[in-house]
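Structural description and commentary
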Amino acid sequence: QVQLVESGGGLVQAGGSLRLSCAASGSIFSINAMGWYRQAPGKQRELVAAITSGGSTNYADSVKGRFTISRDNAKNTVYLQMNSLKPEDTAVYYCKMVTTSATYWGRGTLVTVSS
């Protein structure tokens, strides 16, 4: 059984930083990509950043230049370094993993940015 466990969320003031981690465990074969999505109250879930097994990255325009996604393939872990946080970054952040056979989601971690 595959599990994704996120950590690193919390409360931070505007302008601050947080680092999210997502560790995948279980019977994992051939990860194609991992990424972070977020969902704010009353809004749809949206892509924040993604990274392929080859290291190619993709970011939402709203986070470019502030957030950095990285991964440790040996540990099946993906990170999201979030700098210069804004109140509009407040959301539940979800980790997503796409393998050749299935797609998996974590349960989410709450990030709250106060003004």
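Preceding this section is the structure that the text describes.
These numbers come from a predicted model, not from an experiment.

Turning to the sheet that holds strand β3 (residues 18-25), a few remarks are in order. The strand order β1-β3-β8-β7 describes an open sheet built from four strands, whose pairing is antiparallel. Pairing within the sheet leaves two strands with one partner each, and these edge strands are β1 (3-7) and β7 (67-72). If you compare each strand with its neighbour and ignore which way they point, the axes differ by 15° on average. Sheet topology places β7 next to strand β8 (residues 77-82); six bridges connect them, and they run antiparallel. The partner of Ile 69 across the bridge, within β8, is Leu 80.

The subject of this paragraph is the pattern of salt bridges. Going through the model one piece at a time under the given rule, you end up with four salt bridges. Close ionic contact of Lys 64 with Asp 61 constitutes a salt bridge, the shortest N to O distance being 3.1 Å. By relative accessible area, Asp 61 is classed as exposed at 64%. One salt bridge in this structure joins Arg 66 and Asp 89, with 2.8 Å as the shortest N-O distance. Of this pair, Arg 66 sits in the loop between β6 (57-59) and β7 while Asp 89 sits in the loop between β8 and β9 (91-99); the two residues are 23 residues apart in sequence, bridging distant segments of the chain. The same class applies to Arg 66 as to Asp 89, namely buried. What you see here is one network of salt bridges that share partners, running through Arg 38, Glu 46, Arg 66 and Asp 89.

This part is about unusual backbone geometry. Of note, Ser 30 is a non-glycine position whose phi angle comes to about 50°, a positive value. With respect to the secondary-structure elements, Ser 30 resides in the loop between β3 and β4 (31-39). Even without being glycine, Ser 84 reaches a positive phi, approximately 50°. Structurally, Ser 84 can be placed in the loop between β8 and β9. Of the residues examined, Ser 84 reaches a relative accessible area of 41% and is grouped as partly exposed.

In this section: the state of the cysteines. On inspection of all chains with the given rule, the structure shows one disulfide. One disulfide in the model links Cys 22 with Cys 95; its S-S distance is 2.1 Å. Between Cys 22 and Cys 95 the sulfur-sulfur dihedral comes to about -80°; the bridge is accordingly left-handed. Within this pair, whereas Cys 22 is found in strand β3, its partner Cys 95 is found in strand β9, the two being separated by 73 residues in sequence.

Once that is clear, we can look at the environment of Thr 100. If you trace the backbone, Thr 100 turns up in the loop between β9 and β10 (103-105). For Thr 100, a relative accessible area of 57% puts it in the exposed group. The spacing of Thr 100 and Leu 20 is 80 residues in sequence and 25 Å in space, taken between C-alpha atoms. Leave out the neighbours within four places in its chain, and Thr 100 touches Phe 29, Ser 30 and Asn 32.

Conventions we followed
Residues numbered from 1 in each chain as written. Predicted model: local features only at pLDDT ≥ 70, side-chain atom pairs only at ≥ 80, totals over all residues. Heavy atoms only, no water. Pairing = 2+ DSSP bridges. Helix = DSSP H or I, 4+ residues; strand = E, 2+ residues; numbered from the N terminus. Axes fitted to C-alpha atoms, helices over the stretch in contact; angles between N-to-C directions. Salt bridge = Lys/Arg side-chain N within 4 Å of Asp/Glu carboxyl O. Buried < 20%, exposed > 50% of the residue type's maximum accessible area, 1.4 Å probe, protein only. Disulfide = S-S within 2.5 Å. Contact = heavy atoms within 4.5 Å.

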